[in-house]
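# A structural walkthrough
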Amino acid sequence: MFLHIDIDSFFVSAERSVDQTLKGKPVAVGGRSNLEIFSRKRHHIRLMNDNSGAFVTPVFYSDYDKNFKEKFVDIVDGKEKIRGIITTSSYEARECGVKTAMPIAQALQLCPQMIVVPSHYLLYHKLSHQLHSFVSSKIPAIEQFSIDEFFGDIGGWIKDEDAYEFAKKLQKEIKNRFDLPVSIGIAPAKWIAKLATEYAKPYGVYEVKDIESFIKDVPISKFPGIGRRIQEKLSLRGIKYLGEIKEHYRLFSSWGKHGIQLYHRILGDDNEGINPKEGRKSIGISRTFDPIADPAEIRRRIMIMARHISYIVMSLEVNPTIYYLKINYQYGTKAKISRRSDRVFSESVYKQTLSSMFDEIVRSDISAIKLSLNVSNFTAQHPRTLSLLDHDKDLKSQEIAKKIYDLRAKFGLDIIRTANEL
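Residues numbered from 1 in each chain as written. Predicted model: local features only at pLDDT ≥ 70, side-chain atom pairs only at ≥ 80, totals over all residues. Heavy atoms only, no water.

### Side note on the pairing of strand 11 (residues 182-187)
Burial analysis of strand 11 places six of its six residues in the buried class, which makes it a mostly covered element. For strand 1 (residues 2-7) and strand 11, the ladder comprises six bridges, and the chain directions are antiparallel. What sits directly across from D6, in strand 11, is S183. Pairing between strand 11 and strand 12 (residues 205-207): three bridges, direction parallel. Across the sheet, the residue bridging to I186 is E207, located in strand 12. You can see the chain leave strand 11, run along helix 7 (residues 190-200) and come back into strand 12, and the turn it takes is left-handed. (Buried < 20%, exposed > 50% of the residue type's maximum accessible area, 1.4 Å probe, protein only. Helix = DSSP H or I, 4+ residues; strand = E, 2+ residues; numbered from the N terminus. Pairing = 2+ DSSP bridges. Right-handed = clockwise from strand over helix to strand, strands pointing away.)

As structure tokens, then:
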């Protein structure tokens with residue numbers, strides 16, 4: 001049997017675990033692009049990277065804790081304007097019509113009494129890390145699927161007839177230990193267990209014993225992995241429920257490997273087990289901001305973001321060989337570029353390459369509103385896979401970068417900046 005454990009309204013539940021006055025009230029956690037990194041003042045920015053799996057993003061944070069007004073309210077033309085979006089909302093807030101990704105200003109119109117708390121990702125990562133360690137002590141085979149979701153395989157560990165009671169006990173232990181409500185789905189197949197969790201929420205346990213009977217009347221939109229495009233394709237053929245999928249193998253196989261995989265996951269005969277924790281396959285960071293027309297300021301911000309990417313690369317001790325840069329301009333215009341590098345990674349090499357990439361795609365006739373940087377395709381630092389011509393020089397640059405990394409780890413990422421960031 002498989003378990004799927006999902007923390008109910010995780011960010012809100014995390015806030016309630018440290019502030020009991022939020023319980024029973026409509027609450028939302030708000031988010032806004034963190035622009036502190038672009039400030040010319042020091043903010044003692046640090047990296048939270050305890051959960052370093054493929055699905056949990058590193059978080060940069062400063063020791064300064066902002067309140068609602070400092071985080072979400074800007075003065076525009078002499079008037080206060082609320083910025084930001086809803087990241088997670090409590091069930092009490094959802095009853096008022098509040099939804100994830102809704103502008104905070106709109107959400108407060110629907111639910112004026114709602115309390116909006118600025119996000120505290122350091123808290124969320126720490127709780128996720130602690131919960132992963134705890135669940136791992138209870139179930140031998142655990143997979144962290146996201147910051148608030150876990151799969152567990154209890155086959156051969158707990159008898160099938162005892163799975164429900166085991167899940168109820170685990171749910172109670174998590175609530176008592178962390179003050180976090182979780183919902184748990186149980187099923188003979190991994191992805192059916194995840195689907196079952198939807199019927200367990202909030203704070204429930206739902207067990208599926210007969211997969212065919214369970215999926216018979218489940219709308220196709222509920223299954224994980226069926227997005228809008230696949231829904232449209234299935235709807236065109238009159239397929240509305242998961243129970244109708246079995247007769248359409250030919251259709252799913254026409255979509256290739258992914259279609260065949262999805263078909264078997266829906267039927268619960270995919271035989272997929274728990275995946276061990278994988279190393280990170282890429283490192284990325286993005287920031288959204290008010291329109292900027294000055295190319296020099298855009299370049300400065302790219303260099304600052306490059307410093308943060310470099311810090312993560314050094315902390316993970318990997319060597320990326322593909323660099324990616326994307327600029328979102330106003331009115332839906334985008335420019336993107338990627339470049340393969342055969343150099344030993346260092347902050348100086350990365351910034352030089354990025355600067356050249358920026359020169360190729362920069363536009364001066366329109367303002368930028370978002371920057372995205374990403375590095376991927378990690379390789380071992382071996383002379384046969386990297387440039388022999390620059391290898392010795394790059395190793396010296398990397399040694400300097402490591403010393404700078406140690407200083408930043410001790411005093412904050414903004415203790416040392418390069419001239420192109422100022």
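### A word on the sheet that holds strand 16 (residues 368-378)
Overall, antiparallel pairing links the four strands, which are arranged 13-16-14-15 in an open sheet. Edge positions in the sheet fall to strand 13 (282-292) and strand 15 (334-340), since each has one partner strand and no second. Between one strand axis and the next, the sheet turns through 10 degrees on average, direction left out of account. Pairing geometry for strand 14 (residues 320-329) and strand 16, over nine bridges, is antiparallel. Residue Y323 lies in a different strand from strand 16, and its bridge partner there is V375. Each of strand 13, strand 14 and strand 16 touches helix 12 (residues 295-316); the most contacted strand, strand 13, lies at about 160 degrees to it. Strands in contact with helix 13 (residues 347-361) are strand 14, strand 15 and strand 16; relative to strand 14, the strand with the most contacts, it is inclined by about 40 degrees. (Axes fitted to C-alpha atoms, helices over the stretch in contact; angles between N-to-C directions. Contact = heavy atoms within 4.5 Å.)

### Some points on the packing of aromatic side chains
Tallied over the entire structure, the rule returns 21 aromatic pairs. Between F38 and F289, the aromatic rings sit 6.3 Å apart at their centres with planes inclined by 85 degrees, giving edge-to-face as the arrangement. Here F38, found in the loop between strand 2 (27-31) and strand 3 (46-48), pairs with F289, found in strand 13; they are 251 residues apart in sequence, far enough to count as distant. Residue F38 is classed as buried on the basis of its relative accessible area of 3%. On the accessibility criterion, F289 (7% relative accessible area) is buried. Judged by centre distance (5.8 Å) and plane angle (55 degrees), the ring pair of F252 and Y263 falls under tilted. (Phe/Tyr/Trp six-rings, centres within 6.5 Å; stacked < 30°, edge-to-face > 60°.)

### Remarks on helix 11 (residues 257-267)
Taken together, the buried positions of helix 11 are occupied by G259, L262, Y263, R265, I266 and L267. At its buried positions, helix 11 is contacted by helix 7, helix 8 (211-215), helix 9 (228-236) and helix 10 (249-253). Trailing helix 11 by a residue or two, G268 shows a phi angle of about 80 degrees, which is positive.

### Looking at the nonpolar core
Among the nonpolar cores identified, the biggest contains 40 residues, and I302, I309, L325, Y350, L354 and L373 are the most heavily contacted of them. Breaking this core down by element, the ones donating at least two residues are strand 13, helix 12, strand 14, strand 15, helix 13, strand 16 and helix 14 (391-411). The element contributing the most residues to this core is helix 12, with 11 residues. Apart from the residues lying within four places of it in its own chain, the contact partners of L325 are I302, A335, K336, I337, L354, M357, F358, I361, S372 and L373. (Core = buried A, V, L, I, M, F, W, Y, C linked by side-chain atoms within 4.5 Å.)

### Quick look at the packing of helix 5 (residues 121-138) against helix 6 (residues 163-178)
In contact at an axis separation of 12 Å, helix 5 and helix 6 are set at 145 degrees when each is read in the N-to-C sense. In this structure, helix 5 crosses over helix 6, and the sense of that crossing is right-handed. On helix 6, the residues touching Q130, L131, F134, V135 and K138 of helix 5 are F166, L170, E173, I174, R177 and F178. Residue classes in the contact of helix 5 with helix 6 are distributed as seven nonpolar, one polar and three charged. (Left-handed = near helix turned anticlockwise from the far one by under 90°. Nonpolar A, V, L, I, M, F, W, Y, C, P; charged D, E, K, R; others polar.)

### Structural notes on the environment of I366
Examined against the element boundaries, I366 turns out to sit in the loop between helix 13 and strand 16. On the accessibility criterion, I366 (11% relative accessible area) is buried.

### Thoughts on the environment of Q106
Along the chain, the position of Q106 falls in helix 4 (residues 104-110). The exposure class assigned to Q106 is partly exposed, which follows from its relative accessible area of 36%. Expressed as a C-alpha distance, the spacing of Q106 and V362, which sit 256 residues apart in the sequence, is 34 Å.

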